[in-house]
Amino acid sequence: MSFRDWLETNLTTRESEKDDPYDPALGEWTEIRLFVSSTFLDTHGERDLLVKNVIPEVNRILAPQFIRFNPVDLRWGVLSNESNSFENIQKTCLNQIDNSRLVKEQRPWFLGLRTLRYGWVQDELVPSSEFERAVYFDWIDRMKEGDFKVSITALETCHAINNQPKEAPFPNVFIYERNFSDKARGKILARNHWWVFDFDYIQSLEEYKDRPESQIQYRCTDRANGFRSDRDDLTRYLASRKDVIFNKYYPERGSAIITYVNDTTGRKSGIGKVEGIEKFGEMVKNDLLEAVKMNFFATKSGDLDKFELERLSHENAMKTKADSFVGRSAMIKTAQEFLNGTGSPNTLIVHGEPGCGKSGLVAAITEQALKRRESSAGDFVFVHAVDCCPGSSFLDNLMRRLNIELRKYRRSKGENRVSEDPPELLADLQSEHHEMIYAAANLNPDSKIIIIVDAVNQFTHAVRAWNMWWLMGGGDCPANIRFIISTLNTENGTFENAKSACPDAMLLEVTEMDKGELAEMVRGILAKYNKKLSEDSNDKMLGNQMEALLSKNTSPLYLKAASEALRKYGRFDEITTQIGKFPDTIAGLFDSLIDEWCVDYGELFTKDVCCFIAASKDGLLENQINDLLKFKEETVMGENGGLLYDASFARIYDSISCFLAAGGGGYLRFFHDQLKFTVDRKLLSPEQKIETHQWLVDFFLSVISPRLTDGWNTDDAAPVVSVYYAHCLDQIVTHQLNIIQEMANSQSKVDMSLLKSTLRNVFFVRERILNGQEDLLNEEFIWATELADEIGASQEEKDAMAQWEKFCQLYTRYIRQNPKYVHSAAMNHPPSSFVYQDTCEVSTQVVQDNYPLRWSNIPVAQDPMIAKYENGGGMKCVASSKQGDVFAVARSASGTTIYDLSSGRVLHEVPVEGFSVLLSQDEKHLFVGTKQGGVSCIDIETGQVLYQTGKCLSGPIVYLGWGVEGGENILIAGTGYHNKTITWDSHSTNGMVGVYVPGTLVRVRDWSVEDPAYEYAYNTTTGIVFSTHKGFVKGWSLGGEQVVEDQSDGSRCIYTCDSHPTKPYIITGNNKDEVKEWSISPTNGSLQELRSVTLPPVSGWAFGGVWSCCYDNTGERIFATEPQSETVYAYDQNGEQVGKLKGHTACVNNISKIPDCDDSMISCDRGSMAIRWRTDPDTLSAGAKTINEKILWVGFTLDEDHFVTTSGNAVRVWSIASRQPIHSFEHEDLFYRSDGAMHPDGKHVAVGIRNGFLMLELDGLKVVSQSTVLCDDGSTSSVRISPNGKFLLLVECRNYDSDASMGYIWDPQPQNPKQLRTVSGYGGRMFSCAVADDSIHALIGGHKGSWLINLETGQPIQKFTEGCFHVGFVPNSDNKIEDIVVDSEGKTVRYNISEGGQEYRFYYAPTALIQDQVEEKGCFSGDFFVAAGSDGCVRMYEKSTGSCHYTFYDHRAQPFKFVSRCAGGTVLAANENGMLYMLDPTNK
């Protein structure tokens, strides 16, 4: 029987059932062992290509499917004692093939190379019973019975293709037949090397009589011809099998080298290299990918949600590390005992030097914890391996993942009220961090809450990760929490900070492994690739390779890197030599391997890869590296094309991966700075550093530049939030600043103008904010500012940085909400500003349709506002650090907030209801005075409450300050009434003063100030504590004795006081809007009034006055706040007003100096905002000139040459051309709600006063008539006149009898107005009204919703539940009343009147709508209307769809009170900041 017949008869006897595609567990790695079979001597080229290039590239492609190939290449790894007999070699090779079965009942994954050689003939065959899985070897018994003697290569192939009970959907046996090309057949090869590529058994020595006998590899045997025919029979049989992928490839012969000749037998070994096998590699890659596609269900990482995918990435990364972990049994036992334990310590810190094996140990601990989770449904296990996937190096990523996992866990335990979604804001995430962990532990006391974080030193420092505030520890930590981290001993201070954060933590130092453990680790690493090192010192050929390797370096990291490097070598004879060449340090090993890679992959390619990774900010994504290399290649080679590199990153990845920190698709960066230093020293000269950073800048700009335009109206206007794009955005500025630094270091000409493409580019700023990078952007501005000072940049460049930093801080909220209009926001700055000028440079002329309005009365003076901080409500007082890095705000209702002063980012939300705050002298702690009369001490780094006093004093602590007693600092606390004048008579509890030891908050003494108090101040010059009361001031020694008798200031209430920083002076502020400065007598402690200033009068609020006042740091200026105007006033030593600061949206109740900063202050209001101001004299005086009065209403005259405004003090007529008032009128009954309405005769204006309205003649603003409409309890809320001049509608707000509030309809004849009828029965206070263009319908809004009424009857037509402060009609060109808009819970609701009041559409800002007739003129057609919102924005809406066509915003803008537009298109928007915004049509 021929061998072909035997194959046909014996390998196809079993019918196979078609199996279903393999369905692995989603998210778990599937490893396919691919056995590579061929004769060895002549296929080194193909095998090297497979192992070094093809398989790595395939694995990178399959990574999203969690599938990877592991090639089983036995060229080395079969030791001499395993290859010295037929039995051993057959067992080794065929058992390895069995291990390559993904499914037991299917064929193994097998790749065979068929060449002219035949291989080592097996004279004896091992029976099936001798193999590990005998059931697969029935065929070998039949071959043995037929007395066939075939090569080991043939046996491998027969075993792979033998039919099995199940057949994969698509073949997974791949055979490639090599046929040398015609060109190669004519290539001359040395005669003594023929045997390497050709059939190795010869029939007659006569043919080779001229060759020495020692050069003949094998003797001729009787079966020589049979071996040749057997080889061909098997090849033809394989080609005929339909269940085998069979392909041919056509390379050329390369070189052949004899590597070893046995002195005894004359048997030679050698290697053969072929050329032109790239197509073979591509063929294999495509076949493998197709097989995976057909044999696996198409599950990808995209089938998982983002956080589930990240969870699997972290756990898989740790499992991979655990695979190679051995030994350390004592440490594992310690960790196991920690996991099983309860109570303190709750934290285990695994630490050590680089490369000691920390991550491997933590991975082994993690494996135990995960097994614990699987075996016990009650335990919670969270794993985070820094750098294992994109985003994993950011602490906020950990906190968000942990928050989500804890929510899932708690819900699984029955807590259905716990939301599935984590907080959106980072501040909320931070404030919930400890609370969420504690809650999960306390509610599940019988379960363990296990949190494991590997390599915390590799976190970026965002969210102050290195400070370790996020760890667990302390006496209140639940006993069932187990927190495990690993860190280096010194890098980034994480080890020391972790010990400080958790003083009782268990420390586990990772020390050296013994040689036995190290050898076992090396064996484990190589075994994954079916490799082995010789460990026999008597092996003359190889020697003891293991001993040689271990003698180099005992660092686990070194040995892992060396093992990974060794496995790439295909020839066993190279291993011993290569081990000998290895340097004995990690950096040296890396250095030598760079040289080797330069040979293997090309010098330029290797250098560029290493330099790009080393120079990167925090690593590069793999696809970024590929794209970066392609970008450079295309740039250098130009239009003519061509190749700059002859390699791809996939080729070098397997070689370099063991030196990279990322293990599962994260940012690839060198795992330790030693490696970066090696690249820096070896490859990067100063010039090359600049060049490398420039390539990175150019590449990243090429990625993001398509978005750096004003193309907001295109279809792709949505923000790009991919990891790739966001990372490119994040990297650019770092490299630009590095270029500037390197240029300065080399004394080259430094040009900071290159930042115009980024930090000074409004579209770049927009993209950073939309991608959540405002904090990083702020850090870059700080770095750029410091660098500008360091290199001596021009003042112009420094000013540009300052202006752009301010723009980013003030406009972040607006840009995030309205990114389409960022160009307009920049162009609304003064033309002299760098924001304006830089934006002109980077943008083309704006398309008119995109920006239909332009701000025409832009203030030219400097703006004193530096930054806004918005969060929560009820802000009470602030405290800021001397360094200017943090400040805190006490908020009575919702806790205390700690901010980053520069960026405005919330650092911590502390659940302590604060009424006063004070930083410790070292500025590491924050003291908070509470509502209950206690003091809490908070760690600023962690946001944790360290200790607190409980209730010690009666009433809320409204003051905290520093005093000195006996040469030691003491903490002074004072209680008082925090709400100023809201309830004068009920304020009856006496205030108290307490003195505390700062470090412990032990109370030294306390005393009563014997009267209800408002505020306190400690004067350092006299050592006196002053307290303010109902119209008088007292002074107290620190011993509690009254040393300053009651000093009256002639007011009813003194709300506030402050002490001069260096003199015996204090200032006080009272309910009469007065600030008085007093000197303290050195003899008897009495007070003498030095001067007094009165704040500008603000009409209408009985609860006004000076709520806060303070000196600046020099004591030369005084700042005071008045709530009704929402203004901070500045006065000099002579009492002259030198500035006004406006920008708050609620009553300003605190103004505070920043220590050691002479030109900056912080104020906060009762609402949600704190503001930092620049207060140098030049800015203050310039800023004062831009502030106008608080306008309540504005309207155009019919000639459109003038407009009219009302305020609480005056009515004015303005010239549009000059923007100056030409007539002014003041009246005692004008008040804070004085509204207005233009009379359609074009000659008069109606103005609301307290109890009615005035009719004024526009020319000169003379009073034509005054109508008293309301009773003493009522006041006018709003007034409107119908377009036909027949009706005036006035609505009132009654204070006490609010349900009786009414509307009044009058005949608005200027000289003789008459009341026609009333609108009664509404049942609540009224605040707004509007009249339709048909002069018949009107709207009334108030506490009871909105009414649509008939002016001719005064009767309601329809009633709506929404509508209070803003009601209006949507302008319609044909005067047909169809739609109305009313405000509702922060939104504006549109109703369609013609459909019976059906809700129509939402606009997402409360608005005051235009009342004027809309004419189709200019850019304002009848398709649009303009609205001004309470969020400080002016918007243009499309009538038919409700979509926003344009948004105008300015950082100074507060809620708009009124907006009006003339037929020519000019818009006037009256704002509560005292500014009147004039917006002209762009085409005007």
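These numbers were taken from a predicted model, which means no experiment stands behind them.

Engineer: What should I look at first to understand the sheet that holds strand β55 (residues 1314–1319) in this one?
Structural biologist: The strands that make up a sheet are held in pairs by hydrogen bonds between backbone atoms, and each pair lies either parallel or antiparallel. Spatially, four strands are ordered β52-β53-β54-β55 in an open sheet, and the strand pairing comes out antiparallel. Edge positions in the sheet fall to β52 (1274–1281) and β55, since each has one partner strand and no second. Looking at each pair of strands side by side, their axes are set apart by 25° on average, direction ignored. In this structure, strand β54 (residues 1303–1307) lies alongside β55, joined through five bridges in antiparallel fashion. By the bridge assignment for β55, tyrosine 1304 is matched with threonine 1318.

Engineer: Help me understand the nonpolar core, please; the structure alone is not making it clear to me.
Structural biologist: Side chains that are nonpolar tend, in soluble globular proteins, to be buried together. Ranked by size, the top nonpolar core spans 181 residues in total, and within it Val453, Trp470, Ile485, Phe659, Phe670, Val679 and Phe807 carry the most contacts. Counting residues per element, this core draws most heavily on helix α26 (residues 723–745), at ten residues. In this structure valine 679 touches Phe590, Ile594, Cys610, Cys611, Ala614, Phe670 and Leu684, once residues within four positions along its chain are discounted. Core analysis: the second largest hydrophobic core is formed by 37 residues, Leu94, Phe110, Phe137 and Leu238 among them.

Engineer: When you look at the pattern of salt bridges in this model, what are you seeing that I'm missing?
Structural biologist: Between side chains of opposite charge, a pair can form when the charged atoms approach closely. Summed over all chains, the structure comprises 55 salt bridges. In this structure, lysine 756 engages glutamate 841 in a salt bridge whose closest nitrogen and oxygen atoms are separated by 3.3 Å. Taken together, the positions of lysine 756 in the loop between α26 and α27 (762–770) and glutamate 841 in helix α31 (residues 834–842) put the pair 85 residues apart, joining distant regions of the chain. Taking relative accessible area as the criterion, lysine 756 reaches 25% and is therefore assigned partly exposed. Linking arginine 1174 and aspartate 1159 is a salt bridge whose minimum nitrogen-to-oxygen distance equals 4.0 Å. Residue arginine 1174 is located in strand β43 (residues 1169–1174), and its partner aspartate 1159 is located in the loop between β41 (1148–1153) and β42 (1160–1165); the two are separated by 15 residues in the primary sequence. Judged by its relative accessible area of 33%, arginine 1174 is partly exposed.

Engineer: Any chance you could explain the packing of helix α10 (residues 306–323) against helix α12 (residues 358–375) here in plain terms?
Structural biologist: The axes of two packed helices give the description: the angle between them and the distance between them. In contact at an axis separation of 8 Å, α10 and α12 are set at 120° when each is read in the N-to-C sense. Between α10 and α12, the angle is such that the two are oblique. Seen from above, α10 lies across α12 with left-handed handedness. Every residue of α12 that contacts α10 at Arg311, Glu315, Met318, Lys319, Lys321 and Ala322 is listed here: Ser359, Val362, Ala363, Ala364, Thr366, Glu367, Leu370 and Arg373.

Engineer: Would you explain helix α28 (residues 774–791) in this entry?
Structural biologist: Along its 18 residues, α28 runs 25 Å from first to last C-alpha, staying within 8% of the 26 Å computed at 1.5 Å per residue. Of all the positions in α28, only Leu776, Leu777, Asn778, Glu780, Phe781, Ala784, Leu787 and Ala788 are classed as buried. Of the surrounding secondary structure, the elements contacted by the buried residues of α28 are α26, α27, α29 (795–817) and β19 (895–900). In the stretch just after α28, glycine 792 is the one whose phi turns positive, near 75°.

Engineer: Even after reading the chapter, I still don't get the environment of arginine 1390, so can you show me in this structure?
Structural biologist: Within the secondary structure layout, arginine 1390 lies in strand β62 (residues 1387–1392). Residue arginine 1390 is classed as buried on the basis of its relative accessible area of 4%.

Engineer: What is the right way to look at the packing of aromatic side chains in this model?
Structural biologist: Aromatic ring pairs are reported here in terms of the distance separating the ring centres and the angle at which the planes meet. By the definition in use, this model includes 39 aromatic pairs. Residues tyrosine 821 and tyrosine 1446 carry aromatic rings whose centres are separated by 5.6 Å and whose planes lie at 75° to one another, so their mutual orientation is edge-to-face. Taken as a pair, tyrosine 821 in the loop between α29 and α30 (822–827) and tyrosine 1446 in strand β67 (residues 1444–1449) lie far apart in primary sequence, 625 residues in all. Neither tyrosine 821 nor tyrosine 1446 differs from the other in exposure class; each is buried. For the ring pair phenylalanine 927 and tryptophan 962, a centre distance of 5.9 Å and an interplane angle of 80° mean the geometry is edge-to-face. Of the two residues, phenylalanine 927 sits in strand β22 (residues 925–930) while tryptophan 962 sits in strand β25 (residues 957–965), which places them 35 residues apart along the sequence. For phenylalanine 927, a relative accessible area of 2% puts it in the buried group.

Engineer: Explanation requested: the sheet that holds strand β27 (residues 992–997) in the structure shown.
Structural biologist: Taken together, four strands build an open sheet; the order of strands is β25-β26-β27-β28 and the sheet is antiparallel. Of all strands in the sheet, those with a lone pairing partner are β25 and β28 (1002–1008), marking the two edges. Within this sheet the neighbouring strands show an average axis-to-axis angle of 25°, counted without direction. Bridge count for strand β26 (residues 968–975) against β27 is four bridges, and the pairing is antiparallel. Each bridged residue has a counterpart across the sheet, and for alanine 973 the counterpart in β27 is glycine 994.

Engineer: Before we go on, may I ask you to explain unusual backbone geometry in this structure?
Structural biologist: Most of the time, phi is negative for any residue but glycine, and the peptide bond is trans. That bond from serine 344 to proline 345 is cis: its omega, 0°, falls within 30 degrees of zero. Positionally, proline 345 belongs in the loop between α11 (329–340) and β10 (347–352). Although it is not a glycine, arginine 1219 adopts a positive phi angle of roughly 55°. Within the secondary structure, arginine 1219 sits in the loop between β46 (1210–1215) and β47 (1221–1226).

Engineer: Help me understand the packing of helix α20 (residues 586–601) against helix α24 (residues 673–683) in this model?
Structural biologist: At a closest axis distance of 9 Å, the pairing of α20 and α24 adopts a crossing angle of 45°. Here α20 lies oblique to α24, going by the angle between them. As α20 runs across α24, the sense of the crossing is right-handed. Contacts from Ile586, Ala587, Phe590, Asp591, Ile594 and Asp595 of α20 reach α24 at Gln674, Leu675, Thr678, Val679, Arg681 and Lys682.

Engineer: Would you mind showing me how to read a nonpolar patch on the surface here?
Structural biologist: On the surface, Val997, Val1002 and Val1004 cluster together into a nonpolar patch covering about 220 Å² of accessible area. Along the chain, valine 997 falls in strand β27.

Engineer: Could you clarify how one ought to interpret helix α13 (residues 395–412) in this entry?
Structural biologist: Taking 1.5 Å per residue, 18 residues should reach 26 Å; α13 reaches 26 Å between its end C-alpha atoms and fits that length. Burial of α13 is extensive: 14 of the 18 residues sit out of reach of the surface. Following α13 by one or two positions, glycine 414 adopts a phi angle in the positive range, close to 100°.

Scoring rules and cut-offs
- Residues numbered from 1 in each chain as written.
- Predicted model: local features only at pLDDT ≥ 70, side-chain atom pairs only at ≥ 80, totals over all residues.
- Heavy atoms only, no water.
- Pairing = 2+ DSSP bridges.
- Helix = DSSP H or I, 4+ residues; strand = E, 2+ residues; numbered from the N terminus.
- Axes fitted to C-alpha atoms, helices over the stretch in contact; angles between N-to-C directions.
- Core = buried A, V, L, I, M, F, W, Y, C linked by side-chain atoms within 4.5 Å.
- Buried < 20%, exposed > 50% of the residue type's maximum accessible area, 1.4 Å probe, protein only.
- Contact = heavy atoms within 4.5 Å.
- Salt bridge = Lys/Arg side-chain N within 4 Å of Asp/Glu carboxyl O.
- Parallel < 35°, antiparallel > 145°, perpendicular 65-115°, else oblique.
- Left-handed = near helix turned anticlockwise from the far one by under 90°.
- Expected span 1.5 Å × (residues − 1).
- Phe/Tyr/Trp six-rings, centres within 6.5 Å; stacked < 30°, edge-to-face > 60°.
- Patch = residues over 30% accessible without salt bridge, like charges linked within 9 Å, V, L, I, M, F, W, Y side chains within 5 Å.
- Areas by Shrake-Rupley, 256 points an atom, 1.4 Å probe, with all protein chains shown as cover.

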